[in-house]
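Descriptive analysis of the structure
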Amino acid sequence: MITIEKLKKSFGSQEVLKGINLEFQRPGITAILGPNGSGKTTLIKSILGMVLPDKGRIRVGGEDVKGGWAYRRQIDYLPQIARFPENLTVQELIRMIRDLRGGRPDAEHLIRRFGLGPFLGKRLGNLSGGTRQKANIVLALMYDSPVLILDEPTSGLDPVAMLRLKELLRQEKEKGKHIIVTTHIMGFVEEMADEVVFLLEGHIHFQGGLQELKEKYGANSLELAIARILQQEELGFKANGHGEKAAALVLKAL
Amino acid sequence: MFKILKYSFYDLTRSRWMYIYGAFYLLLTASLLWLGGGLSKAIISLMNIILVLVPLIATMFGVMYYYNSREFTELLLAQPIRRIHIFFGQYLGVACSLAISLLLGVGLPFVLYGVFNSPEIWNFSVLLLVGLFLSLIFSAIAFFIALRNENRIKGFGLAILVWLFFAVIYDGLFLLALSQFNDYPLESFAIGASLFNPIDLSRILILLKLDISALMGYTGAVIQNFMGTLLGMACSLGVLLLWVVLPAWGIRWVAVRKDF
């Protein structure tokens, strides 16, 4: 469904993505993990055509992303920060996206699911952060697109809304959709993800199943596995920086 | 694009500032007409205000609207819509709301005063036309600057600086050049230099229409000779149009290359 080949992107002198190759062929939930600044959001935004790659190629459903726009009909995107025109009401915003995008979205069941009914007539500027996030979810997921991209979907949600979101994602997965999620909440990943992509300094450090990741790093939890990856990387970095010292240490050990 | 324009416009018509802007013109025009004494005097006073205020407000609104709707723009960018349509839609939304505030604020009192039954109707039309052009020009420049600068403060500062340059500094430099090179024939230079400043160009257009170019001495006569004709008028309007097209083209150029 989504193919990424040799994707490179720099912002000024900072190289954020250093040749990413990635494929999302099987339906299911893929979590993109990585420390802050590892390039998660840049990767997602490249798929959406918001960030323009320096090199490489991205295809969604066979269509090249570069210069295209119609391919975005196949993607539902939930952005990280939910800010909308403050003077519009929730209802107007839903109508507006429907008007802009066309098609037949089903917002009703999402409004019911997240209890957004009483807020439909309210201006977005007057809503609390959590309610805005709910409106954000309704807007993003009301289309039945084959790909869902969610950037930190859990931020600001209360536990009930969080449960409903998980339930919803499971249902969408059952329908055979490709769901890509970035999050910092490891519990969410352990519970929901089928596959994990771990980004570190612009490279894919690991791609595979949750169990595989834990086994590879000899950890019984995801958190620990990730801590070990980061630790190893740090050690490697130190060894690179002090090559002679490290060699001396190794010799001594021998 | 028209859908984005529609919603930007709709969003802005709910904004208090648009009403304040319109109400300000309404009050100003009404008091100039009824308390100031007559149509032609009101037109000249309004000209001086419009030439400074319209560019300033268009600049401020353009920059503010772009920065305030930045996150929402990101939501739109993820939709199956062409990039250029999003930005042109938003720009035209801002420009149209400004133009309508001006049109209603200045237009209503004039209509009530009976401008349609007066020979001043053409002068008044030129004044409004120039106001519309300035709204389009300066909101486009503002959008272009905001698009190029991620940093809000820098964007705001630059936009205000551009306004200050065209509204004040340019004239100062222009006068300085005229007085420095007083010994040379400067008429063509004067015409050429005013084409490069949309505010000056607008001022000259109105002054010529008001037939008071004699106040500008010999240069005024030369300008009258050039711009007073139909060709000159068409030429100046063409240049004003170019002043809209250039920053709009700049918006397009930046929009298709920018990372969000």
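Residues numbered from 1 in each chain as written. Chains lettered and ligands numbered in written order. Predicted model: local features only at pLDDT ≥ 70, side-chain atom pairs only at ≥ 80, totals over all residues. Heavy atoms only, no water.

Description of the overall build of chain A
Per the secondary structure count, chain A includes nine helices and 10 strands. Burial statistics for chain A: of 254 residues in total, 49% are counted as buried. Considering only residue pairs separated by 6 or more positions, chain A has 67% of its internal contacts joining residues 24 or more positions apart. A total accessible area of about 12,300 Å² is found for chain A, and carbon and sulfur atoms account for 50% of it. (Helix = DSSP H or I, 4+ residues; strand = E, 2+ residues; numbered from the N terminus. Buried < 20%, exposed > 50% of the residue type's maximum accessible area, 1.4 Å probe, protein only. Contact = heavy atoms within 4.5 Å. Areas by Shrake-Rupley, 256 points an atom, 1.4 Å probe, with all protein chains shown as cover.)

Section: the interface of chain A and chain B
Each side of the interface is counted separately: chain A has 29 residues, and chain B has 26 residues. Contact between chain A and chain B buries roughly 2,700 Å² in total, counting both sides, with carbon and sulfur atoms accounting for 58%. Residue Asp99 of chain A is joined to Lys3 of chain B by a salt bridge in which the shortest nitrogen-to-oxygen separation is 3.9 Å. The interface formed by chain A and chain B holds 13 residue pairs in polar contact (both at pLDDT 80 or more) in total. Those elements that provide at least two residues to the side of chain A that touches chain B are β1 (2-11), α1 (40-48) and α2 (90-101) of chain A. When residues in the side of chain A that touches chain B are grouped by element, the largest group, eight residues, is from α2 of chain A. Of the residues belonging to the side of chain A that touches chain B, the class tally is 17 nonpolar, two polar and 10 charged. (Buried area = accessible area lost by both parts, 1.4 Å probe. Salt bridge = Lys/Arg side-chain N within 4 Å of Asp/Glu carboxyl O. Polar contact = N/O pair within 3.5 Å; in protein donor to acceptor, adjacent residues only side chain to side chain. Nonpolar A, V, L, I, M, F, W, Y, C, P; charged D, E, K, R; others polar.)

Regarding the packing of aromatic side chains
Using the criterion set out here, one finds 16 aromatic pairs over all chains in the structure. Ring centres of Phe165 of chain B and Phe166 of chain B lie 5.3 Å apart, and the angle between their planes is 65°; this geometry places the pair in the edge-to-face category. On the basis of relative accessibility, which here comes to 31%, the residue Phe165 of chain B falls in the partly exposed class. Judged by relative accessible area, Phe166 of chain B falls into the buried class, the value being 9%. Judged by centre distance (6.0 Å) and plane angle (50°), the rings of Phe174 of chain B and Phe189 of chain B are tilted. Taken together, the positions of Phe174 of chain B in helix α7 (residues 152-180) and Phe189 of chain B in helix α8 (residues 187-195) put the pair 15 residues apart, joining distant regions of the chain. You can call Phe174 of chain B buried: its relative accessible area is 16%. Ring pairs connect the aromatic residues Phe138, Phe165, Phe166, Tyr170, Phe174, Phe189 and Trp243 of chain B, which therefore count as one cluster. Residue placement shows Arg101 of chain A over the ring face of Tyr143 of chain A; its charged tip is 4.4 Å from the ring centre. (Phe/Tyr/Trp six-rings, centres within 6.5 Å; stacked < 30°, edge-to-face > 60°. Lys NZ or Arg CZ within 6 Å of the ring centre and 35° of its normal.)

A few points about the side chain of Arg83 of chain B
Within the fold, Arg83 of chain B resides in helix α5 (residues 83-113). Despite its burial, Arg83 of chain B pairs with no opposite charge, the nearest such side chain being Asp259 of chain B at 5.6 Å. (Lys, Arg positive; Asp, Glu negative; His and termini not counted.)

Concerning the sheet that holds strand β7 (residues 147-151) of chain A
Residues and elements named next belong to chain A. Across the sheet, which stays open at both edges, the six strands sit in the order β6-β7-β8-β3-β9-β10 with mixed pairing between neighbours. Looking at the sheet topology across the chains shown, the edges are occupied by β6 (75-78) and β10 (203-209). Adjacent strand axes in the sheet meet at a mean angle of 15°, parallel and antiparallel pairs treated alike. Across four bridges, the pairing between β6 and β7 is parallel. Of the residues in β7, the one forming a bridge with Tyr77 is Ile149. The strands that α1 touches are β3 (28-33), β6, β7, β8 (178-182) and β9 (195-200); relative to β6, the one it contacts most, it runs at about 145°. (Pairing = 2+ DSSP bridges. Axes fitted to C-alpha atoms, helices over the stretch in contact; angles between N-to-C directions.)

Concerning the pattern of salt bridges
All names here are of chain A. Scanning the entire structure with this criterion turns up 23 salt bridges over all chains. Here Lys166 and Glu191 are joined by a salt bridge, their closest N and O atoms 2.9 Å apart. With a gap of 25 residues between them, Lys166 in helix α5 (residues 159-174) and Glu191 in helix α6 (residues 186-192) connect regions that are remote in the sequence.

What about unusual backbone geometry?
All names here are of chain A. Despite not being glycine, Lys6 shows a phi value in the positive range, around 45°. Take Lys6: its relative accessible area is 60%, and that puts it in the exposed class. Even without being glycine, Glu201 reaches a positive phi, approximately 45°. Here Glu201 lies in the loop between β9 and β10.

Things to note about the domain arrangement of chain A
Often, the extent of an interface is quoted as the loss of accessible area upon association of its parts. Residues and elements named next belong to chain A. One can read the domain layout of chain A as domain 1 (2-216) and domain 2 (220-254). Between domain 1 and domain 2, the contact holds 11 residues from the first and nine residues from the second. With both chains or domains summed, domain 1 and domain 2 bury close to 930 Å², and 84% of this area falls on carbon and sulfur atoms. On the domain 1 side of the contact with domain 2, Met186, Phe198 and Lys214 bury the most area, a combined 43% of that side's loss. Our count for the contact surface shared by domain 1 and domain 2 stands at zero salt bridges. Put simply, domain 1 and domain 2 have zero residue pairs in polar contact (both at pLDDT 80 or more) between them. (Domains from an automatic or database assignment.)

Description of the sheet that holds β1 of chain A
Backbone hydrogen bonds are what pair the strands of a sheet, in a parallel or an antiparallel way. Residue and element names in this part refer to chain A. What the four strands build is an open sheet, ordered β2-β1-β4-β5; its pairing is antiparallel. Strands at the two margins of the open sheet, each flanked by one partner only, are β2 (14-24) and β5 (63-64). Alignment of strand β4 (residues 55-60) against β5, held across two bridges, turns out to be antiparallel. Within the sheet, the bridge partner assigned to Arg59 lies in β5 and is Asp64.

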